Amino acid sequence: MIENNLSSASITSNLGTHFVGRRVIYYPSLTSTMEVAKQEAQLGAVEGTVVIADEQTAGKGRIKRAWLSPKGSIALSVILYPSVADLPSLIMLASLAVMHAIEAVTGLRSQIKWPNDVLINGKKVCGILIETSVRGSIVDYAIIGIGVNVNLRVSDFPEILSIATSLSDELGRDVSRLRVIQRLLVEMERLYLTLQAGGSIYEEWRDSLVTLGRRVRVKSGNTVYEGVAESVAGDGSLLLRHPNGNLSKIVAGDATLRG
Ligand code: BTN
């Protein structure tokens, strides 16, 4: 039986983590989990606090885009207090955790499109938004926002139909959101602890990128780059080879795969 309702207690019980998801703030409906997570972080919420909503009415995407999160999807934000050195690795941590959780619960294989979209069969199943407050070398907080299309028929949403998929569309059956959430939190903690112990998650992230070796168009601020995605640096930036042989290092942007 697939659960329809989430609750703080159902998520925290038998979770098996030390801090990620030990405190869960659940809302049936919310504008955006990012907003509440930010308020909580500013009040000094315990590290690993999760803000989760069954649906968001004003979900936030990257580059000021809207993010659709109807009932049936997962919309959550996790509050962390990483070192400034670990900040670039958070995009790797989040996308790898999602990839692992999806495979563990559903058996579906996914890939990452630089920097941190998770795709199944070339279509986006998850978006990740990271917001930080940093002063010099002090990180006040980092909030990792994750939206996963779990039990929704993408055909009900014409605006995303051509670019998105969901776990239920891929499998032809519904999936337990609770299991995906719990596994996601476990994976996030594991990868975060790996970073804190001085380990690297870069190689696995790099090897999971569908982007490398492909012709891409990358929009970064007002600049558009076109070329071949050659590699990624340890800080997560993309190294793009232009047709004239020049190399650009792109720290942040939105990539479209070509050809
Ligand atoms: C993107 O691909 O543009 C990023 C989407 C991030 C969506 C998640 S859903 C949970 C959290 N709350 C939000 O309002 N946004 C993030």
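The present account deals with the structure reproduced in this document. These numbers were taken from a predicted model, which means no experiment stands behind them.

## Thoughts on the overall build of the protein
Then comes step 1: Each helix and strand counted, the protein has 6 helices and 12 strands in total.
Then comes step 2: Radius of gyration (C-alpha) of the protein: 18 Å, near the 18 Å computed for a compact globule of 259 residues.
Then comes step 3: Seen through its principal axes, the protein has C-alpha atoms that stretch 55 × 45 × 30 Å.
Then comes step 4: Within the span of the protein, comprising 259 residues, buried residues form 54% of the whole.
Then comes step 5: Counted over contacts in the protein with a minimum sequence separation of 6, partners at least 24 positions apart contribute 64%.
Then comes step 6: Surface accessibility of the protein: about 11,600 Å² in total, with carbon and sulfur atoms responsible for 50%.
Then comes step 7: When the 27 positive and 25 negative side-chain charges of the protein are each reduced to one mean point, those points stand 4 Å apart.

## Some thoughts on the site of the ligand
Then comes step 1: Close to the ligand lie 20 residues; Ser32, Gln56, Lys60, Arg62 and Lys124 are nearest.
Then comes step 2: Lys124 is positioned with one of its side-chain polar atoms (N or O) 2.6 Å from an oxygen atom of the ligand.
Then comes step 3: Expressed as a share of its isolated accessible area of 410 Å², the protein-covered part of the ligand is 99%.
Then comes step 4: Mapping the ligand onto the cavity grids shows that it belongs to the largest pocket.

## A word on the nonpolar core
Then comes step 1: With 62 residues, the main nonpolar core has Leu76, Leu93, Trp114, Ile144, Ile146, Leu167 and Trp205 as its most contacted residues.
Then comes step 2: The leading source of residues in this core is helix α3 (residues 90-106), at 12 residues.
Then comes step 3: Filtering out sequence-adjacent residues up to four positions away, Leu76 remains in contact with Thr33, Val50, Val51, Ile52, Ile144, Gly145, Ile146, Ile181 and Leu184.
Then comes step 4: The next biggest cluster of nonpolar side chains, apart from the first, holds 13 residues, and it includes Met34, Ile79, Tyr141 and Ile143.

## Topic: helix α5 (residues 177-196)
Then comes step 1: Between the first and last C-alpha of α5 there are 28 Å, a value that for 20 residues agrees with the 28 Å anticipated at 1.5 Å per step.
Then comes step 2: After α5 finishes, the residue Gly198 shows a positive phi value of roughly 90°.

## Let's talk about the pattern of salt bridges
Then comes step 1: Per the counting criterion, the structure on display carries 19 salt bridges.
Then comes step 2: Between Arg65 and Asp254 there is a salt bridge; the shortest N-O distance is 3.0 Å. One end of the pair, Arg65, is in the loop between β2 (50-56) and β3 (74-80); the other, Asp254, is in strand β12 (residues 254-258), and 189 residues separate them in sequence.
Then comes step 3: Arg135 is paired through a salt bridge with Asp140; the nearest N and O atoms lie 2.6 Å apart.
Then comes step 4: Asp140 sits in the partly exposed class, given a relative accessible area of 23%.
Then comes step 5: Through salt bridges with shared partners, one network takes in Glu35, Lys60 and Glu131.

Reading guide: rules and limits
- Residues numbered from 1 in each chain as written.
- Predicted model: local features only at pLDDT ≥ 70, side-chain atom pairs only at ≥ 80, totals over all residues.
- Heavy atoms only, no water.
- Helix = DSSP H or I, 4+ residues; strand = E, 2+ residues; numbered from the N terminus.
- Rg over C-alpha atoms; globule rule 2.2 N^0.38 Å.
- Buried < 20%, exposed > 50% of the residue type's maximum accessible area, 1.4 Å probe, protein only.
- Contact = heavy atoms within 4.5 Å.
- Areas by Shrake-Rupley, 256 points an atom, 1.4 Å probe, with all protein chains shown as cover.
- Lys, Arg positive; Asp, Glu negative; His and termini not counted.
- Charge placed at Lys NZ, Arg CZ, Asp CG, Glu CD.
- Near = heavy atom within 4 Å.
- Polar contact = N/O pair within 3.5 Å; in protein donor to acceptor, adjacent residues only side chain to side chain.
- 1 Å grid on protein atoms, 1.4 Å probe; cavity = no way out; pocket = protein on both sides within 12 Å on 5 of 7 lines; lining within 4 Å.
- Sits in = over half its atoms within 2 Å of the grid points.
- Core = buried A, V, L, I, M, F, W, Y, C linked by side-chain atoms within 4.5 Å.
- Expected span 1.5 Å × (residues − 1).
- Salt bridge = Lys/Arg side-chain N within 4 Å of Asp/Glu carboxyl O.

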